[in-house]
Amino acid sequence: GAGVSQSPSNKVTEKGKDVELRCDPISGHTALYWYRQSLGQGLEFLIYFQGNSAPDKSGLPSDRFSAERTGGSVSTLTIQRTQQEDSAVYLCASSVGFGNNEQFFGPGTRLTVL
Amino acid sequence: GIQVEQSPPDLILQEGANSTLRCNFSDSVNNLQWFHQNPWGQLINLFYIPSGTKQNGRLSATTVATERYSLLYISSSQTTDSGVYFCAVLGNTPLVFGKGTRLSVIA
């Protein structure tokens, strides 16, 4: 596609429910990244993929967070048993390859946990 | 890990004025990007600038990697320039962001 797309754009959920966030990277980009933007923490890195592999999961805030990528394209970020502190904008980015390559961001998913 | 500091945190300009935003980083980096986050939250790429100087219209940026800083220049500011400007560096992990400079341009 022309740019990185994310869905849904907004998600409101109740505490304790599971949510799935989707990211479609720019076609041909092999590296994909998830970030989170919240009022208290600014923009923070969560996880990245090289192809379908996630070499470093240390940025995930807790074991309630998981992510996968299939076919070297679409990625889903899953948050289980959501908590109010999970409320944030979740941003996805992609680049041609991992490393010294420019990253391009999607519009984000605004998650609100009630 | 790498620390990224941006200054000033807030800036108010009269339309037509020029400004300089600064980004300092604490360690050697492999890359640096400047972004503009518009009022709708979209991060727009401004510059990919590990070193040297680049210009794009009214905007230009300079990175001096050996001295660990980068500058973003905005000339003849317009109200559409309002928003938050982020500097982000690529060290050993994917992008580490500064806290941003919030720019308000008043007509």
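Per chain, residue numbering runs from 1 following the sequence as it is written. The naming scheme follows written order: chains are lettered A onward, ligands numbered 1 onward. For a predicted model such as this one, the threshold for reporting local features is a pLDDT of at least 70, and the threshold for listing and counting side-chain atom pairs is 80 or more; totals across whole chains, interfaces and linings nevertheless cover every residue. Calculation of side-chain values draws on the structure's entire complement of heavy atoms; hydrogens and water are dropped beforehand.

Student: I'd like a rundown of the overall build of chain A, residues and numbers included.
Tutor: We count a stretch as a helix when DSSP gives it H or I for four or more residues in a row; a strand needs E for two or more, and each element gets its number in order from the N terminus. Counting its secondary structure elements, chain A contains 0 helices and 10 strands. Mapped from its N terminus to its C terminus, chain A presents α and β elements in the order β-β-β-β-β-β-β-β-β-β. Both definitions apply: the radius of gyration is a C-alpha atom measure, and the globule rule equals 2.2 Å times residues to the power 0.38. Expected size for 114 residues packed as a compact globule is a radius of gyration near 13 Å; at 13 Å, chain A falls within 12% of this value. Counting only C-alpha atoms, chain A reaches 35 × 25 × 25 Å along its principal axes. Buried residues are those whose accessible area, probed at 1.4 Å on protein chains only, stays under 20% of the maximum for their type, while exposed residues exceed 50% and partly exposed ones sit between those limits. Each of the 114 residues in chain A was classed as buried or not, and the buried ones make up 47%. Throughout, a contact is declared for two residues whenever any of their heavy atoms are within 4.5 Å. Residue pairs in contact within chain A that sit at least 24 positions apart in sequence constitute 56% of those at least 6 positions apart.

Student: Please set out the overall build of chain B residue by residue, giving values where relevant.
Tutor: Within chain B, the regular secondary structure consists of 0 helices and 11 strands. Taken from the N to the C terminus, the helices and strands of chain B come in the order β-β-β-β-β-β-β-β-β-β-β. Taken against the 2.2 N^0.38 rule, which gives 13 Å for 107 residues, the C-alpha radius of gyration of chain B at 13 Å falls within 12% of a compact globule. Seen through its C-alpha atoms, chain B measures out along the principal axes to roughly 40 × 25 × 20 Å. A buried classification covers 50% of the 107 residues belonging to chain B. Within chain B, residue pairs in contact and separated by at least 24 positions form 54% of the contacts whose partners lie at least 6 positions apart.

Student: Tell me about the pattern of salt bridges, and name the residues and values.
Tutor: Residue and element names in this part refer to chain A. Salt bridge, as used here, is a side-chain nitrogen of Lys or Arg placed within 4 Å of a carboxyl oxygen of Asp or Glu. Applying the stated criterion across every chain, the model contains 4 salt bridges over all chains. Where Asp24 meets Arg22, a salt bridge forms, and the shortest distance between an N and an O atom there is 3.1 Å. A salt bridge links Glu44 to Arg36, with the nearest nitrogen and oxygen atoms 2.9 Å apart. The exposure class assigned to Glu44 is partly exposed, which follows from its relative accessible area of 21%. Given the relative accessible area of 9%, Arg36 is considered buried.

Student: Got a sec to walk through the sheet that holds strand S8 (residues 69-74) of chain B? Specific residues and values, please.
Tutor: Residues and elements named next belong to chain B. Taken in spatial order, the 5 strands line up as S1-S3-S8-S7-S6 in an open sheet, and their pairing is antiparallel. Two strands lie at the open edges of the sheet, namely strand S1 (4-7) and strand S6 (52-56), each paired on one side alone. On average, each strand axis in the sheet is inclined to that of its neighbour by 15 degrees, with strand direction left out of account. Strand pairing requires that DSSP identify at least two bridges connecting the strands. As a rule, the C-alpha atoms of each element are fitted with a line to give its axis, helices using only the stretch in contact, and angles between N-to-C directions run from 0 to 180 degrees.

Student: Summarise the environment of Glu14 of chain A; cite the residues concerned and give the values.
Tutor: All names here are of chain A. Along the chain, the position of Glu14 falls in the loop between strand S2 (10-13) and strand S3 (19-24). Since its relative accessible area comes to 52%, Glu14 is described here as exposed. Along the sequence, Glu14 and Phe98 sit 84 residues apart, while their C-alpha atoms lie 35 Å from each other. When residues no more than four places from it in sequence are discounted, the contact partners of Glu14 are Thr82, Val113 and Leu114.

Student: An account of the state of the cysteines is needed here, citing residue identities and associated values.
Tutor: Defined simply, a disulfide is a covalent bond joining two cysteines at their sulfur atoms. Residues and elements named next belong to chain A. When the sulfur atoms of two cysteines come within 2.5 Å, that pair is taken as a disulfide. The tally for this structure, following the rule as stated, stands at 2 disulfides over all chains. Linked covalently through their sulfurs, Cys23 and Cys92 form a disulfide whose S-S length is 1.8 Å. Taking the torsion about the sulfur-sulfur bond, which here is approximately -65 degrees, the covalent link between Cys23 and Cys92 counts as left-handed. With Cys23 in strand S3 and Cys92 in strand S8 (residues 88-95), this pair connects stretches of sequence that are 69 residues apart.

Student: Can you break down the side chain of Asn45 of chain B residue by residue, with the values?
Tutor: Note on placement: Asn45 of chain B falls in strand S5 (residues 43-48). In protein, a polar contact means a hydrogen-donor-capable atom and an acceptor-capable atom, both N or O and within 3.5 Å, with residues adjacent in sequence counting only if both atoms are side-chain atoms; elsewhere, any N or O pair within 3.5 Å suffices. Side chain to side chain, Asn45 of chain B and Glu102 of chain A meet in a polar contact 3.0 Å long. Setting aside anything within four residues of it in sequence, one finds Asn45 of chain B in contact with Glu102, Gln103, Phe104 and Phe105 of chain A together with Gln33, Trp34 and Phe35 of chain B.

Student: Residues and numbers for the sheet that holds strand S1 (residues 5-7) of chain A, please.
Tutor: Residue and element names in this part refer to chain A. The 4 strands lie next to each other as S1-S3-S7-S6, forming an open sheet whose pairing is antiparallel. Unpaired on one side and paired on the other, S1 and strand S6 (65-69) mark the two borders of the sheet. Across the sheet, the mean angle from the axis of one strand to that of its neighbour is 15 degrees, orientation sign disregarded. One ladder, built from 5 bridges, connects S6 with strand S7 (residues 75-79); its direction is antiparallel.

Limitation: the analysis is restricted to geometry and does not speak to function.
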